[in-house]
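Fold and contact review
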Amino acid sequence: MAAPERSMDTSSSFLQKFRLYETRSNFYMIGRDKNRTFWKVLKLDRTEQTELNFHQDSTPYTESECFETLRRIHEGNRSAGGLKFVTTCYGIIGFIRFLGPYYMLIITKRRKLGEVCGHTVYGVAKSRIVTIPHASVLSTVAYSKDEKRYKRLLCTVDLTKDLFFSYSYHIMHSLQRNMSNNAEGQTYYESMFVWNEYLTRRIRNNPKDCMWTVALVYGFFKQVKLSVCEKNFRLTLIARRSRHYAGTRVANDVETEQIVYEEAQDGHPVRVSSVVQNRGSIPLFWSQETSRLNIKPDITLSAKDPNFEATRLHFENLAKRYGNPIIVLNLIKTREKRPRETILRVEFANAITFINKGLSKEERLRPLHWDLHKHSRKKGTNVLGILGRLATYALNLTGIFYCQLTSDGFQNQNPSTVENNIDECSTYDLPTKDEIASDSAVENGNDKKDRQKEATMLQNGVLRTNCIDCLDRTNVAQYAYGLVAFARQLHALRLTESDTIDLDNPLAEDLMGVYETMGDTLALQYGGSAAHNKIFCERRGQWKAATQSQELFRTLQRYYSNAYMDAEKQDAINLFLGYFQPQPDKPALWELGSDQHYNAARFLASSVPEISRSTMKRSLSESSILSEGSSTVAGRHGLGEKDEEVKGLSDSAPEIISTSKTAAMIAGSFSAPPATLEDIGLDEILENDCFCCNDDRHGGDQCTCAAFDMDWVSSSGASCEDESSYGR
């Protein structure tokens, strides 16, 4: 199957369409790039019962050469039935084996979801499982009851819902990271947000083999076209779910990215901005025993980690991923007749206080504890307005990402160069009203040099939000943060004169609709029902009785899903992610007492200190626990990968305008110093709720109230230490 030697550059191209053929002894997959400039051939052996053997022909083919090769294969196998066409597909999801043969999962239909700076993002519309060995060599195990049950269980994972991918863009990474670090091959597959990492291990022997597979991200992707002042732009909202300890009921670790960029015009650079926030479960060892008789089961707090080692490792990981500061917005309750959430609230505050004692002022966590449930029930309380002011405080600390692109292709800057030049460069102010008015002259090409001197702004740090399940209340808070960021993004793109957006603005309504859809999607994935959107419904003026009946229905729907559907759903997820791998003469997955019996033991065995490991039933936070051994986290966690100077992602993708080092201007956030909580009008809340931020007004010392609602602490007559004994 050789071809004449030729020089054909395939390094910057991606296989996007495939055709699968079969003979009695082999599968042949033919892949081509989007522009039909080259073809590649992958051969999979069908004669082995339980082994996966494949070979990729390194030779690039022309279309005529490829069809000539297929004709020869057909002629050579005519006696055994020849070469038969199986299906058209759009990428390999991966390979999996239970007790018998290997199976190949392929995408047979895709749908376009949107674009990120010229790179198309697709969703899985239809998939197929193909048995690799030929039927003539299959053993009796392939037809056993357990094998069929494992196969049916895998099929319950609906690959057509909320899984998305891109051939030319690393959708598992944020825009800022893609601009500064272009991971290749196995590196980006090891990201915590790639859900088929386990399924693709067999074929990822080298980066070139990755052209046959697609990296699937699970969560949410939606893009809408909007306009302001007759200027068109695109808003993209992405939620990436972590595959580590992925399961039901609680959103363990979800990265939310909001991207805004103006519509491209021929010959003109494109401004683009993004902001990232995070939602994650409370990073403590706590558990809930599911019950069909109790809608709200008791919360049990483990006492096996008195020094909060796992919590510290979680926040260290966040700092590696996003930088400092880490702002922690905790929305759980402060008062309950029967302590549940309050148990975790006290312990979480104690953990943050304990961890901050060992950190420098710049590295300290910035906790914001605010009981969303309590304040939303008070008449006249503008919950979204208060959350917006909290978001303003957080955004002033972290800043947003902003850069300018050309249509020539990505040209990423070395991250170390960017960081080293920050102190040497001028700070960047957002455009003024006069600058926006004069922007039309710039767009006409009269002052291109000034455009090239626009700064690249970087986001440093992240806002981490949680409630008890990180679904309903968390989604409201994330919308409030997204709205504040949205206003600054539009202002940075010179689309608006003001850097704020009122809640009554139609743009705020558009953004609320996208966040509401995201909240419903994530809630369905985790909890089995759409999100409780009481605050959004009230904001839109929905009839109160209709809202109450809707909330009741969703509560019952979620209860039924948790009580009757979660076990099988968790088994399917563990099988898909490779957290459970069937073995002969071992208990089957459905014979185990619970998913945690296997999942927690296997995942934590190499990553959690012994003191935190013993008798945990169900920890809802270990997805973020990492090993303390080294400064970079390698292997299956896919976190903290080493940044390297990178090449372009695609020869047709946008490119950051490069300027000389002396002319570059880079700023982490706005030029003005971050405002304190009092500066943004939260004095009335500070009378009741203490926001421990360790800023200058505290003299850099720890707050003695552990960031709790002061009215609750005073009325209970107990300190944080006294309350922490609940549930242990």
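Conventions adopted
Residues numbered from 1 in each chain as written. Predicted model: local features only at pLDDT ≥ 70, side-chain atom pairs only at ≥ 80, totals over all residues. Heavy atoms only, no water. Helix = DSSP H or I, 4+ residues; strand = E, 2+ residues; numbered from the N terminus. Buried < 20%, exposed > 50% of the residue type's maximum accessible area, 1.4 Å probe, protein only. Contact = heavy atoms within 4.5 Å. Pairing = 2+ DSSP bridges. Axes fitted to C-alpha atoms, helices over the stretch in contact; angles between N-to-C directions. Expected span 1.5 Å × (residues − 1). Salt bridge = Lys/Arg side-chain N within 4 Å of Asp/Glu carboxyl O. Phe/Tyr/Trp six-rings, centres within 6.5 Å; stacked < 30°, edge-to-face > 60°. Lys NZ or Arg CZ within 6 Å of the ring centre and 35° of its normal. Core = buried A, V, L, I, M, F, W, Y, C linked by side-chain atoms within 4.5 Å. Polar contact = N/O pair within 3.5 Å; in protein donor to acceptor, adjacent residues only side chain to side chain. Parallel < 35°, antiparallel > 145°, perpendicular 65-115°, else oblique. Left-handed = near helix turned anticlockwise from the far one by under 90°. Nonpolar A, V, L, I, M, F, W, Y, C, P; charged D, E, K, R; others polar. pLDDT = per-residue confidence, 0-100.

Section: the overall build of the protein chain
Looking only at helices and strands, one finds 20 helices and 22 strands in the protein chain. Counting every position in the protein chain, which comprises 728 residues, the buried fraction comes to 57%. Here the analysis covers contacts within the protein chain between residues at least 6 apart in sequence; of these, 71% occur between residues at least 24 apart.

Brief notes about the sheet that holds strand S5 (residues 84–89)
Sheet architecture is open: five strands sit in the order S4-S3-S2-S1-S5, paired in antiparallel fashion. The strands lining the two open edges of the sheet, one partner per strand, are strand S4 (54–61) and S5. The sheet shows a mean angle of 20 degrees between the axes of neighbouring strands, taken without regard to direction. One ladder, built from seven bridges, connects strand S1 (residues 15–22) with strand S2 (residues 26–33); its direction is antiparallel. Across the sheet, glutamate 22 pairs through a bridge with phenylalanine 27, a residue of S2. The sheet strands contacting helix H1 (residues 63–76) are S1, S2, strand S3 (39–45) and S4, and the helix crosses S4 at an angle near 140 degrees.

Brief notes about the pairing of strand S12 (residues 253–262)
A large share of S12 lies buried, amounting to 10 of its 10 residues. Note that strand S11 (residues 231–241) and S12 share nine bridges and pair antiparallel. The partner of arginine 234 across the bridge, within S12, is tyrosine 261. As judged from the nine bridges shared by S12 and strand S13 (residues 270–280), these two strands associate in the antiparallel manner. Of the residues in S13, the one forming a bridge with aspartate 253 is glycine 280.

Digging into helix H13 (residues 472–492)
End to end, H13 covers 30 Å across 21 residues, agreeing with the expected 30 Å (1.5 Å per residue, within 8%). Summarising burial for H13: 21 of the 21 residues are buried, a large majority. Residue arginine 494 follows H13 closely and has a positive phi angle near 65 degrees.

Structural notes on the pattern of salt bridges
Within this structure, the stated rule accounts for 19 salt bridges. Of the charged contacts in the structure, one is a salt bridge between arginine 46 and glutamate 22, with a shortest N-O distance of 2.8 Å. With arginine 46 in the loop between S3 and S4 and glutamate 22 in strand S1, the pair connects residues that are 24 residues apart, well separated along the chain. Taking the relative accessible area as the measure of exposure, arginine 46 reaches 7% and is therefore buried. With its nearest N and O atoms 3.0 Å apart, the salt bridge here joins arginine 201 to glutamate 197. Judged by relative accessible area, which is 37%, arginine 201 ranks as partly exposed. Members of the salt-bridge network, linked through shared partners, are Lys112, Glu115, Arg234 and Glu263.

A word on the packing of aromatic side chains
Applying the stated criterion to the full structure yields 15 aromatic pairs. Ring geometry for tyrosine 21 and phenylalanine 85: centres 5.6 Å apart, planes at 65 degrees, overall edge-to-face. In this pair, tyrosine 21 is assigned in strand S1 and phenylalanine 85 in strand S5, connecting sequence segments 64 residues apart. Consider the rings of phenylalanine 165 and tyrosine 167, whose centres lie 5.4 Å apart with planes at 85 degrees: the pair is edge-to-face. An aromatic cluster is built from Phe98, Tyr103, Tyr150, Phe580 and Trp590, whose rings are joined through pairwise contacts. Sitting over the ring of tyrosine 122, arginine 110 keeps its end group 4.3 Å from the ring centre. It is arginine 149 that lies over the ring of tryptophan 590; its NZ or CZ is 4.2 Å from the centre.

Remarks on the nonpolar core
The biggest cluster of nonpolar side chains holds 79 residues, and the ones touching the most others in it are Phe233, Leu284, Leu344, Leu387, Tyr479 and Phe486. Here this core gets 12 residues from one element, more than from any other, and that element is H13.

Here we look at the side chain of asparagine 77
With respect to the secondary-structure elements, asparagine 77 resides in the loop between H1 and S5. Classification of asparagine 77 by relative accessible area gives buried; the value is 19%. Engagement of the side chain of asparagine 77 in a polar contact is seen with the backbone oxygen of isoleucine 73, the distance being 2.8 Å. Residues in contact with asparagine 77, not counting those within four places in the same chain, are Thr23, Ser25 and Gly82.

Some thoughts on the environment of threonine 108
Structurally, threonine 108 can be placed in strand S7 (residues 102–116). As for threonine 108 and tyrosine 90, which are separated by 18 residues in sequence, their C-alpha atoms are 6.0 Å apart. Filtering out sequence-adjacent residues up to four positions away, threonine 108 remains in contact with Thr87, Thr88, Cys89, Tyr90, Lys126, Ser127 and Arg128.

Quick word on the packing of helix H5 (residues 309–322) against helix H6 (residues 341–356)
The N-to-C vectors of H5 and H6 enclose an angle of 70 degrees; their axes lie 10 Å apart at closest approach. Viewed along their axes, H5 and H6 adopt a mutual orientation that is roughly perpendicular. H6 is crossed by H5, and the crossing has right-handed handedness. Between H5 and H6, the contacting residues are Thr311, Arg312 and Phe315 on the first element and Phe348, Ala351 and Ile355 on the second. When grouped by side-chain class, the residues that make up the contact of H5 with H6 number four nonpolar, one polar and one charged.

Here's the deal with H5
For an α-helix, the turn length of 3.6 residues means that residues three or four places apart are oriented alike. Compared with an ideal rise of 1.5 Å per residue, which puts 14 residues at 20 Å, H5 spans 20 Å between its outermost C-alpha atoms and is within 8% of the ideal. Across the 14 residues of H5, 10 count as buried, placing the element largely inside the fold. Burial in H5 covers these residues: Glu309, Ala310, Thr311, Arg312, Leu313, His314, Phe315, Asn317, Leu318 and Tyr322. Where H5 is buried, its residues touch S12, S13, strand S16 (326–330), H6 and strand S20 (462–466). Glycine 323 occupies a position one or two residues after H5 and carries a positive phi of about 85 degrees.

Describing the confidence of the model for the protein chain
Mean pLDDT over the protein chain works out to 75, with 65% of the residues at or above the 70 mark. Predicted confidence for residues 1–11 stays below pLDDT 50, and this span has 19 contacts to residues more than four positions away or in other chains.

So, unusual backbone geometry
Here the bond from asparagine 324 into proline 325 is cis, since omega is 5 degrees, no more than 30 degrees from zero. Residue position: proline 325 is located in the loop between H5 and S16.

Description of the environment of glutamine 288
Mapped onto the elements of the fold, glutamine 288 is located in strand S14 (residues 286–288). Once the C-alpha coordinates of glutamine 288 and threonine 300 are considered, the two residues, 12 residues apart in sequence, prove to be 6.4 Å apart.

Some thoughts on the packing of helix H8 (residues 383–398) against H13
Close contact between H8 and H13 brings their axes to 8 Å; oriented N to C, the two are set at 60 degrees. Looking at the two axes, H8 sits oblique to H13. For the crossing formed where H8 meets H13, the hand is right-handed. Across the interface between the two elements, Leu384, Leu387, Gly388, Ala391, Thr392, Ala394, Leu395, Asn396 and Thr398 of H8 pack against Val476, Ala477, Tyr479, Ala480, Tyr481, Val484, Ala485 and Arg488 of H13. A per-class count over the contact of H8 with H13 returns 12 nonpolar, four polar and one charged.

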